Structures are given as C-alpha cells and as structure tokens.
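Survey of secondary and tertiary structure
If you want the building blocks of each chain, they are given just below.
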Amino acid sequence: MTNMAAAVDGEVDIAYVREVLDKYQDARGAVIPILQKVQTHYGYLPRAALEMISHTLRMPLAHLVGVASFYAQFRMTPRGKYMMKICCGTACHVKGSAKLVEKTAELLDVNHGQTTRDKLFTMERVACIGACSLAPVITVNDEAVGYLDMEGIEDIIHKLRDENAIAPK
Amino acid sequence: MTDQPKNTVTLTIDGVSVTVEKGKKIYDAAIKAGIYLPGLCYDPKLTRFGGCRMCVVEITRKGRTQSKWACCEPASDGVEVVTNSPRIRKKQQVMMEFLLAAHPLDCPTCNASGSCGLQDAAYFIKQTRGRIPLKRRDEPLLIDNPVIERDYNKCIMCGKCVVICDEVQGNGAIGFQKRGYNAEVGTPFRIPLVCDYCGQCLHVCPVGSIQDHTERYKGHAWEYEKTNTICPYCAVGCTIVANVKRGDLAKVTSNDWIGVNNGNLCARGRFGHGFVQSAQRLRQPVMRRGEAREPVEWERALDSIAARIKETVERHGPGAVAAIAGEGMPLEDAYLLQKVMRAGFGAGRIETLSNLRSPALNSGLFDTFGALAPVTGYDFTRRAGAFFFFGADAEKENPVIANMVRPVMRDHDTPLFVANARDILFAPKERARLRYRYGAETALLAALTAVAKGGAADAALLTAADVDGEAFARLAGGLKAAGAPLVFLGKEIHDHPRSEDIVKAAVELAAALGGRALLYREYANTMGANDMGLSSTHLPGYLPAGDPDAAERYARAWGRAVPVYAAAGPLFGALERGEIKTLVVAGCDPVSALYGAEWKGLIQNVEYLAATAPFDNETTKLAHVTLPTQTAMERPGMFTNNEGRVQLLRRAAPPQQGAWAEWEIFQELGRRVGMPLYAGPEKVAEEIARVVPGYEGLTHSKVTWGGSLVDYASRAGGPRALAFSTAPVAWSADGAHPLLALIGNSLYHLGILSPHAPALVEIDPRAWVEAHPEDAAGLGLRDGDEVVVESRNGAIHAMLKTTYRSPRGIVYIMKNFSGAPAAHLPAHGDAAARVALRKA
Ligand code: SF4
Ligand code: SF4
Ligand code: SF4
Ligand code: FES
Ligand code: FES
C-alpha cells in the first residue's frame with residue numbers, strides 16, 4: 001500500500017474549502033461534488049481539507065476518507081505538474097504497456113500513484129482511455145500521446161525536465 | 001390457528017413453530033427458536049448486513065421454494081423455513097471457501113479462538129479443504145493504542161465494527177478504506193486509533209481481527225469462567241461479564257441479551273477492571289502511631305474504631321460522630337452502615353458525597369419532587385418524542401445512555417436537542433444546539449416552558465441566558481412539536497450550586513410537554529445509597545429521620561432504639577466549629593472529590609478518622625485507622641442504578657487476600673455493641689426487602705435476571721409545587737482570574753477505582769484542561785502545552801487541549817487526577833471556579 005500519511009502536506013490554505021462548503025451547507029449527500037471541486041482546485045485532496053469537510057458535514061473522517069479512497073478519481077497525495085497516465089487497457093496491454101509502466105517507473109523513480117520528489121511528475125496506471133487505435137497510449141495532463149515506445153517515453157520525460165529546469169546543469 | 005395479536009407473525013423453522021414481532025427478520029426468528037445460523041455479518045442491533053451470504057435458507061411460501069438470506073428476509077406468516085438442506089450446505093461451503101482462502105489460519109495463537117464466528121461456522125457446515133489456493137495478506141499487527149489491537153489479516157469485511165462505531169457509538173473512528181482486494185476497515189490514512197476506546201468494535205467482530213490488547217495471551221475462550229455482574233463505575237448500571245482463568249481476571253466482555261446495556265460498555269466498564277488485581281491494593285488494616293502507619297490485626301483495628309465511636313458519643317453526644325460514605329458501595333453495606341451507626345451507636349449524622357452537595361436532589365428527592373422526581377426507567381427512551389440533553393455531555397459522562405439513544409434516533413427518527421454552557425455536540429447530529437450562560441439555566445428553562453405551554457418566551461429571560469435567538473426558536477419549537485421529551489440532566493446540572501432550582505425548572509418543562517426528566521447520578525449506587533438512608537435527614541426508604549413514628553418503625557424492625565435525629569445544619573459547618581470529633585469515611589475519598597480545598601483541613605483536624613478503602617487515597621493518608629476493603633467485583637451484593645433498578649452483583653473475581661467487604665466491617669462494629677451478625681449479604685438483602693419501603697421483596701433471587709425496579713410511588717405521593725427562581729447567578733468579574741472553570745469527569749475515569757486500572761491510566765494518564773483556541777492563543781498558549789490553572793483557592797498543573805467545545809471565557813477541567821485536584825479550585829459550596837491559565 002502507499003503510505004498516504006507520509007505524503008500528506010499540512011501546509012495548505014483551506015480558504016477555498018470553506019467557500020465550497022458554504023455553498024453546500026448541511027449537505028451530506030453532496031460529498032462527491034464537494035470532493036471533486038476541492039480536488040480540481042488543489043490537484044488532490046489535502047488532509048487539512050478533508051478534516052475541514054468532515055468537521056463541517058459532521059461526517060467522521062474515517063468515512064469521508066473511505067469514500068475518497070473508494071473512487072479512483074480521487075487522490076490524497078499531491079500531484080505533480082505533469083500527470084502521466086499510462087493506459088493499461090486491453091489494446092495497450094497487448095501492445096506492451098506493461099513495459100512502458102516499468103520504464104516510466106524506472107525513469108521517475110516512483111510507483112503507481114506516486115509523485116516525484118521535485119513535484120514534477122505523477123504516474124498512474126489507468127484503464128482504457130478510449131484511444132485504442134493509438135495503442136500503446138499515455139496522457140500527459142489530458143493530452144494523449146500514441147504509438148509510444150521506450151525511446152518515446154524517455155524523450156517526453158527528458159523534454160519536460162529540461163523545460164522546467166531552473167538552472168541548466 | 002387460534003387468534004393471535006396483530007403485530008406478530010408465526011412461521012416454522014426446521015419444523016419448529018416460532019412467533020416474532022412483525023418487522024423482525026427470519027434470522028431473529030431463528031435466534032428465538034434456538035436454531036443456529038452460520039451468518040457472520042448480521043447483528044440484530046445494527047442496520048446494514050447481507051454481506052457474507054452465509055445465512056442462506058430456503059423458504060417455502062404457497063408451495064414455492066426460494067433461497068433467501070435470513071438476515072434480509074422479513075419473517076412473515078405461515079412460511080416454512082429450512083436451514084439445513086444439502087443444497088444450503090453446498091452454497092455455504094462455497095462461500096466459506098472464499099472466506100478461508102484469504103484468512104490466515106492462526107487459530108493456535110489467536111485470542112478469538114473458541115469464540116470465533118468463522119471457526120464456529122466452518123465447523124458447523126463441515127467445511128473441508130477447498131480448491132482455492134490459500135493466500136495470506138501480510139498486514140502488520142496494529143498496536144497503536146493501549147486497548148484495541150487490530151490484525152486486519154483476519155478481517156472478513158463483515159463491516160460490523162464500522163457500523164457499530166458509527167450507529168451506536170457515534171464515533172465513526174473506523175471506516176472502509178480503499179476498495180477491491182486492497183479494501184480494509186481502519187482509520188483514515190492509517191493514523192493511530194484515537195477514539196472513545198469503548199471496545200464495541202471488538203465486541204461485535206466475529207473473528208480475531210479486533211482484540212482486547214490487555215487480554216493478550218491470558219487465556220482462550222474455553223478456559224474462562226464467566227460471571228455476570230454490574231459495572232462498578234457509573235450509575236447507568238451496565239451488566240459486565242468477568243472472564244476469569246484460574247483465579248485471574250483476564251478481561252471483561254459484555255452480553256447483548258442481559259441487562260440494560262444491550263452489550264454496550266464504555267472504556268471504564270470494559271477495560272477498567274485492572275484495579276481488582278492491582279499490586280497497590282490494601283491488604284491489611286493500618287493504624288497511625290505518631291507519623292508512622294503500622295499494619296495491625298483486624299480485631300485490634302475494629303476494636304479501636306468501635307470503642308472510639310462509643311466513647312465519643314458518651315462524652316460529646318451523638319452529634320460528635322459523623323460518617324461520609326461512598327456511592328460505589330452496594331446496598332447491603334450502605335444499609336448496614338446506617339443501621340449500625342443509628343441503632344448501634346445512636347449516631348445519625350451520615351452523608352454521601354452527593355448528599356453533601358445537594359441534599360434536595362438526593363435524600364430529599366421525594367420531599368422536593370414527590371411523584372415528579374427525575375427518576376425514569378430507560379424504557380422511556382423508546383417512547384420519548386424527543387431527547388433533550390441539558391447541561392449534559394452524555395457521550396462523555398454516561399456513554400451507554402448515549403448508546404441507548406442513538407439506535408432509537410436511527411429507527412424512529414427521534415429528534416435530539418442539546419443545551420449546554422459549553423458547545424457540546426452529539427453524534428450523529430442534534431436537531432438544535434444551544435449554548436447558554438452558565439448560571440442562567442433556570443431562565444432558559446422557564447423560557448422554553450413558556451413556549452411549550454403555547455406562550456411566548458420573555459425576552460428578558462433570553463437576554464439573561466445569553467442565547468442565540470434563532471437557535472432558541474429552533475429548540476423551543478422543536479421540543480414543542482415533538483412533545484414528550486426525555487430531559488436528561490447532566491453533570492453540569494448535578495454539581496451546580498443552583499441544581500435544585502434547575503432540576504425543578506427542567507421537571508416543569510418535561511411535565512408541560514408530557515415527558516420525563518432523568519437526573520445524572522455520578523456513581524454506581526448513588527440512587528441506592530440514598531434509598532438506604534445514608535443521610536442525616538432520612539431513614540431508609542426516605543422516611544424522615546426527625547419523625548418519631550419513622551424512628552419507632554425502624555426501632556421495632558431492628559429491635560433497638562433508633563434516635564429521632566434532626567440534623568444540626570450542614571456537616572461542613574459542624575466540622576468548622578470543631579463539633580465532629582470522630583469521623584468514619586467509608587469507600588470514598590472526600591478530600592479529592594468534594595468541591596473546596598477547605599475540606600482537607602477540616603477532615604484532617606478531627607480527633608479520630610477511620611477510613612475504609614481498597615486503595616490508599618488522599619483521605620486514607622490522613623486516617624488514624626484504615627481498613628482494606630473488597631471492591632464490588634469481588635463480592636455479592638446489589639446496586640440501584642439511575643432509573644431505580646436494583647441489580648445483582650456476583651462475585652466476579654476471587655476476593656483479594658486480606659480485604660473485607662464493607663458490610664462485614666460494619667456488622668463487626670455493630671457486634672461490638674451487641675448487634676446481630678448476618679450469614680451473608682443475601683441475608684442483609686432479605687432484611688432490606690422486609691423493612692425498607694419500596695424494596696419489598698427485592699431479594700437476591702428476585703433480582704437475579706435483569707433486576708427489578710424500586711417502587712418509589714408509595715413514598716413519592718403526589719406531585720409537589722415546584723417554585724424556583726429565574727434570576728441568574730451573577731459571576732463577579734475578577735480581573736486576576738478571567739476564565740470560568742467548569743469541572744467534570746474524564747470519559748476514562750471515575751471515582752476511587754479508575755486511577756488503579758492500568759489500561760485507563762494508560763489511555764488518560766494525566767490532568768488536562770480544555771480551552772477555546774483563541775483564548776489559548778491570546779495567552780500565548782498552544783495545544784499540548786503544560787499549563788498552570790490557578791484560582792484564588794489553589795493551582796494545579798495540567799495539559800492544555802484547545803477545542804471549540806469550550807466557548808470563549810470557559811475552560812473545562814477533569815477532577816480525576818489526584819496529583820492535580822481540580823475539585824480544590826472552587827470555593828466550598830461551588831462547582832465552578834474563576835481561574836487564570838498560564839504556561840507552566
Ligand atoms: S473502540 Fe469504540 S470508538 Fe473506538 S473504534 Fe472501536 S467502536 Fe469505535
Ligand atoms: S474487523 Fe472484524 S468486525 Fe470489522 S469488518 Fe473485519 S471482521 Fe468484521
Ligand atoms: S461506567 Fe457507566 S456507562 Fe460505562 S460501562 Fe460502567 S455503568 Fe456502563
Ligand atoms: S486500451 Fe489503451 S486506449 Fe483502449
Ligand atoms: S448474516 Fe446474512 S448475509 Fe451475513
């Protein structure tokens with residue numbers, strides 16, 4: 001399992017959470033939309049935000065986190081600037097997506113669901129994204145890149161790293 | 001078929017005919033018929049089940065047979081249920097194969113072995129090795145708190161722990177996390193379990209996934225001798241089950257089918273039994289010689305006490321002897337104490353801790369209220385139109401009352417309202433919540449009563465109570481609409497200097513809406529101690545001690561003269577004036593428990609102090625003679641709970657060597673002045689059942705199962721007029737001490753026993769004080785800081801907890817830590833103190 005506690009950062013400004021909650025006052029049934037809004041804003045569900053939501057909705061934290069961890073769409077660790085989703089659907093699998101996963105994991109030194117230390121990349125394995133004709137395919141921040149081979153993935157990662165390098169080595 | 005009441009249905013299960021209430025499930029009917037089903041996720045007291053599929057049965061209705069799950073299928077008239085056909089077994093075996101495929105078969109070292117639902121079920125359906133290869137999960141054993149140990153490798157995901165923690169405990173500390181094969185029940189982010197530590201989750205867990213950490217390796221289910229008795233802590237009166245192996249008390253469990261608590265317990269009841277076998281127990285009488293305390297023989301100690309009481313009465317008159325008794329003492333002991341004091345020594349000044357604080361609500365209860373006395377059977381919870389917790393933090397004070405209320409709220413949608421001087425929440429959710437100014441309780445209640453009676457609330461009262469207008473309107477309107485509230489008055493009211501007026505006002509509100517009031521009582525036998533006449537003003541059965549006829553009645557029953565005694569004012573004054581020469585303190589620690597630091601000096605100054613206690617405490621340390629006593633778990637006897645139910649105590653653990661039961665001590669004192677001996681507590685109980693009004697016939701054998709209610713009606717008579725003042729108490733501002741400190745009991749402690757229960761001490765080791773985060777910040781203090789709480793009367797050290805439960809200007813302190821006696825902060829006669837906080 002991923003160690004969620006370790007990756008949680010407490011230093012988040014939760015003013016936005018308050019704003020969302022004000023809109024959904026007293027609405028236990030609105031848990032999912034609230035979580036979605038909060039995740040869109042922060043890129044993930046910060047622990048402080050979850051605590052605030054739990055407190056306001058009078059929903060025990062254990063149950064709220066239970067909901068959040070049930071749905072694949074929610075993440076409780078901060079995401080990197082680039083979300084690398086590697087499709088592991090049937091078509092991509094046949095075209096060797098497992099190798100892509102391995103390669104990416106090696107290049108980024110992270111596992112599924114984790115974020116690199118420099119907060120640049122988050123890697124995720126996902127189910128079919130509906131672009132089978134391009135298999136094997138990954139998305140980088142919702143932009144699909146198809147027919148990918150080992151070199152291709154290496155290129156993408158290097159390029160993005162270079163673009164974001166503060167000072168060239 | 002003969003005609004049968006409309007609200008029941010009759011069906012047959014494996015050929016046995018059984019009748020159950022409408023709405024019950026087939027599973028309930030099977031339980032009633034004594035037929036075992038290997039279901040693992042059903043619990044009649046919880047909703048949400050139907051997950052394990054092991055309770056499958058075949059139902060034939062109008063010639064058509066179907067398989068159904070017994071826990072989901074309502075019982076209906078005339079159906080035939082089969083639970084044991086080969087087809088059913090086959091299905092169960094397939095389900096079991098899946099369950100066992102992921103279950104580590106650690107039975108040899110699992111504490112649940114022998115009381116494990118999975119073992120029982122697999123054995124029952126004659127499970128053989130299946131086709132699925134076994135695969136173990138390899139999660140670590142989680143020991144992250146003192147009492148609840150979790151091994152989720154064994155979890156079968158039945159969900160009962162999650163549901164009981166939520167529905168019954170209102171805590172929701174654990175939930176389902178993640179999904180699919182990775183799903184687990186547990187805390188969010190796997191943080192350590194921080195909760196009420198009630199252990200309801202471990203009680204319902206069918207396997208060994210959640211266990212009592214304190215029990216580890218002490219024994220297996222089949223090795224324990226199990227004895228039902230009554231929890232020695234608070235006045236709820238829960239039935240506990242002691243599990244003893246070869247003389248060692250290994251753990252306490254609970255039983256859903258016996259007693260008032262439906263299997264629920266709080267941390268004190270379930271994990272607070274370690275005092276029984278504590279190495280700190282007193283095992284021999286000690287007498288003081290100069291500064292030194294020396295062990296002495298029982299005979300000598302008893303001779304000394306009896307001679308001293310006798311001599312004091314002869315030289316200074318009966319008013320020079322007094323007794324203060326604890327309310328954790330069973331009825332027999334309480335009864336004998338007052339009988340020996342009165343008929344043996346002629347001394348009538350006898351008090352309990354709560355009587356010293358508010359006689360009008362204790363021994364004077366029925367004089368004050370008559371038939372309107374705030375004593376109500378728990379069964380009213382099921383009939384109440386609403387719950388109103390006033391000055392009560394039921395979740396922390398009487399947790400099992402909260403456990404009774406939540407399922408009623410769940411099943412009947414009964415609204416719950418809360419009003420408190422602090423910002424107290426009640427889970428799942430109160431319909432309206434109000435915070436009032438401490439000291440203005442009667443004003444608020446009078447305003448609520450006015451609305452209840454169809455009028456309008458006097459604006460001046462609302463201003464006095466300093467309440468939020470909108471919240472008040474919701475509360476007043478809600479109560480009125482719901483009607484018939486159960487008004488539960490908590491510790492804040494019980495200890496309040498104006499408690500008598502507040503309870504009158506609350507009783508009036510309840511009566512105006514056709515409801516009832518129920519007053520918090522602190523200790524396991526507070527009600528019984530009053531009933532038994534541990535009071536200067538009342539004989540057993542609330543007969544007035546100053547009434548010659550009443551004295552004559554007992555004189556005839558006891559065959560000895562009984563003094564007609566009109567108490568000469570409060571004990572405090574008598575001690576101050578030096579009138580009390582000899583004081584007997586039985587089973588309590590008044591020096592720590594009574595509000596006001598002055599008590600210590602007064603008690604210290606009496607010429608002769610005799611104490612009985614299972615452990616040394618702040619009072620025994622001052623005593624000339626201390627006698628070691630058995631606790632309520634080591635001896636038979638009876639307690640009378642909150643609702644006036646007399647319940648039987650059984651010897652749940654072997655008595656500790658050298659300790660006597662208090663009734664034996666009192667009868668030995670009596671023997672020295674010519675009073676009779678009893679063959680056992682059951683004989684004392686028989687006498688109580690003969691002579692005490694209201695207790696007619698309540699012998700040990702009568703109260704064996706489920707107890708019996710005391711008949712207070714005869715003594716209560718009609719209702720009394722309840723005049724009270726609505727003028728708020730003025731809290732004089734004191735610049736040096738700007739905060740108001742309210743004092744309470746920790747959820748994990750109560751009375752003289754909990755400081756010697758290692759598990760409770762580990763959960764809650766030291767004094768703490770709750771304050772509003774902004775008050776704290778204003779003083780440069782942070783959560784977790786070590787602080788000094790200081791009043792005019794003294795200062796204590798405590799750990800700061802910042803919380804919104806404390807409104808601005810109010811702090812809340814626990815009185816359960818002898819190193820930090822919070823009861824010494826207020827002045828005598830008060831229950832709250834003006835204090836200042838500073839960093840230690
Ligand atoms: S001990 Fe009680 S409060 Fe804690 S998790 Fe178990 S049921 Fe919930
Ligand atoms: S821990 Fe026990 S009670 Fe909870 S889901 Fe697992 S098996 Fe059921
Ligand atoms: S302390 Fe009170 S609520 Fe807790 S188990 Fe004992 S009797 Fe029940
Ligand atoms: S399987 Fe990868 S896009 Fe469909
Ligand atoms: S007991 Fe019925 S499905 Fe588990």
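Residues numbered from 1 in each chain as written. Chains lettered and ligands numbered in written order. Predicted model: local features only at pLDDT ≥ 70, side-chain atom pairs only at ≥ 80, totals over all residues. Heavy atoms only, no water.

**Quick word on the overall build of chain B**
Summing up its helical and strand segments, chain B has 27 helices and 35 strands in all. On C-alpha atoms alone, chain B measures out to a radius of gyration of 28 Å, which is about the 28 Å that the 2.2 N^0.38 rule sets for 840 residues. When burial is assessed residue by residue, chain B has 62% of its 840 residues classed as buried. Taking all contacts inside chain B whose residues are at least 6 apart in sequence as the whole, residues at least 24 apart take part in 72%. Mean positive and mean negative side-chain charge positions of chain B (96 and 90 charges, respectively) differ by 5 Å. (Helix = DSSP H or I, 4+ residues; strand = E, 2+ residues; numbered from the N terminus. Rg over C-alpha atoms; globule rule 2.2 N^0.38 Å. Buried < 20%, exposed > 50% of the residue type's maximum accessible area, 1.4 Å probe, protein only. Contact = heavy atoms within 4.5 Å. Lys, Arg positive; Asp, Glu negative; His and termini not counted. Charge placed at Lys NZ, Arg CZ, Asp CG, Glu CD.)

**With respect to the site of ligand 3**
Surrounding ligand 3, one finds Cys231(B), Tyr233(B), Cys234(B), Val236(B), Gly237(B), Cys238(B), Leu265(B), Cys266(B), Arg268(B), Gly269(B) and Val400(B). A per-class count over the shell around ligand 3 returns eight nonpolar, two polar and one charged. (Near = heavy atom within 4 Å. Nonpolar A, V, L, I, M, F, W, Y, C, P; charged D, E, K, R; others polar.)

**Regarding the environment of Phe572(B)**
Residues and elements named next belong to chain B. If you trace the backbone, Phe572 turns up in helix α20 (residues 571–576). The spatial distance from the C-alpha of Phe572 to the C-alpha of His538 is 18 Å, given a sequence separation of 34 residues. In this structure, Phe572 is in contact with Glu598, Trp599, Leu602 and His828, ignoring residues within four places of it in sequence.

**Observations regarding the packing of aromatic side chains**
What the rule picks out here adds up to 19 aromatic pairs over all chains. The interplanar angle of 80° and the centroid separation of 4.7 Å between the aromatic rings of Tyr36(B) and Phe124(B) together place this pair among those described as edge-to-face. In this pair, Tyr36(B) sits in the loop between α1 (26–33) and β3 (56–61) while Phe124(B) sits in helix α3 (residues 117–124), placing the two residues 88 residues apart along the sequence. Assessed through its relative accessible area of 36%, Tyr36(B) is described here as partly exposed. Taken together, the ring pairs in this structure connect Phe70(A), Tyr71(A) and Phe74(A) into an aromatic cluster. The ring of Tyr554(B) carries Arg553(B) above its face, with NZ or CZ at 5.2 Å from the centroid. One Lys or Arg, Lys801(B), reaches over the ring of Trp768(B) and ends 3.7 Å from the middle of that ring. (Phe/Tyr/Trp six-rings, centres within 6.5 Å; stacked < 30°, edge-to-face > 60°. Lys NZ or Arg CZ within 6 Å of the ring centre and 35° of its normal.)

**Some words on the packing of helix α8 (residues 331–344) of chain B against helix α24 (residues 681–691) of chain B**
All names here are of chain B. Close contact between α8 and α24 brings their axes to 9 Å; oriented N to C, the two are set at 70°. Put simply, α8 runs roughly perpendicular to α24. From α8, Leu331, Glu332, Tyr335, Leu336 and Lys339 reach across to α24, where they touch Pro681, Val684, Ala685, Glu687, Ile688 and Val691. A class-by-class count of the residues in the contact of α8 with α24 yields eight nonpolar, no polar and three charged. (Axes fitted to C-alpha atoms, helices over the stretch in contact; angles between N-to-C directions. Parallel < 35°, antiparallel > 145°, perpendicular 65-115°, else oblique.)

**Some remarks on the interface of chain A and chain B**
Every contact between the two is made by 18 residues of chain A and, on the other side, 23 residues of chain B. In this assembly, chain A packs against chain B so that about 1,700 Å² is buried in total across both faces, 62% of it on carbon and sulfur atoms. The tally of links from chain A across to chain B stands at one salt bridge. The salt bridge involving Glu430(B) is made with Arg58(A); its shortest N-O contact spans 2.8 Å. For the side of chain A that touches chain B, the elements supplying multiple residues, two or more each, are α1 (4–7), α4 (47–57) and α5 (61–70) of chain A. Broken down by element, the residue count for the side of chain A that touches chain B peaks at seven residues, all from α5(A). Residues belonging to the side of chain A that touches chain B are distributed by class as follows: twelve nonpolar, three polar and three charged. (Buried area = accessible area lost by both parts, 1.4 Å probe. Salt bridge = Lys/Arg side-chain N within 4 Å of Asp/Glu carboxyl O.)

**Here's the deal with the pattern of salt bridges**
Residues and elements named next belong to chain B. Inspection of every chain in the model, using the stated rule, returns 57 salt bridges over all chains. For Lys453, the salt bridge goes to Glu508, with nearest N and O atoms at 4.0 Å. Note that Lys453 is positioned in the loop between α13 (441–452) and α14 (459–465) and Glu508 in helix α17 (residues 499–512), a separation of 55 residues in sequence. Accessibility expressed as a relative area gives 27% for Glu508, which makes it partly exposed. Note that Arg838 is salt-bridged to Glu790, the shortest N-O span being 3.5 Å. Residue Arg838 is located in strand β35 (residues 832–839), and its partner Glu790 is located in strand β32 (residues 786–791); the two are separated by 48 residues in the primary sequence. On the basis of relative accessibility, which here comes to 41%, the residue Arg838 falls in the partly exposed class. The network of salt bridges with common partners includes Glu299, Asp303, Glu668, Arg671 and Arg672.

**What about the nonpolar core?**
All names here are of chain B. Counting 148 residues, the largest nonpolar core has Phe388, Phe390, Leu444, Leu448 and Phe472 as its most contacted members. Ignoring any residue separated from it by four or fewer positions in sequence, one finds Leu444 in contact with Phe390, Ala419, Leu434, Tyr436, Ala465, Val467 and Phe472. Core analysis: the next-biggest nonpolar cluster, separate from the first, contains 107 residues, Val162, Cys195, Cys238 and Ala652 among them. (Core = buried A, V, L, I, M, F, W, Y, C linked by side-chain atoms within 4.5 Å.)

**Thoughts on empty space enclosed by the protein**
All names here are of chain B. Tallied over the full model, the rule gives eleven cavities of 30 Å³ or more. Roughly 130 Å³ of volume is contained in the largest cavity. Along its surface, the largest cavity is lined by 16 residues, and Lys491, Glu492, Leu742, Ile743 and Tyr812 are the ones closest to its centre. Looking at the lining of the largest cavity, the elements with two or more residues in it are α16 (491–494) and β30 (739–744). With three residues, β30 is the largest single contributor of residues to the lining of the largest cavity. (1 Å grid on protein atoms, 1.4 Å probe; cavity = no way out; pocket = protein on both sides within 12 Å on 5 of 7 lines; lining within 4 Å. Points joined across faces, edges and corners; volume = space filled by probe spheres on them.)

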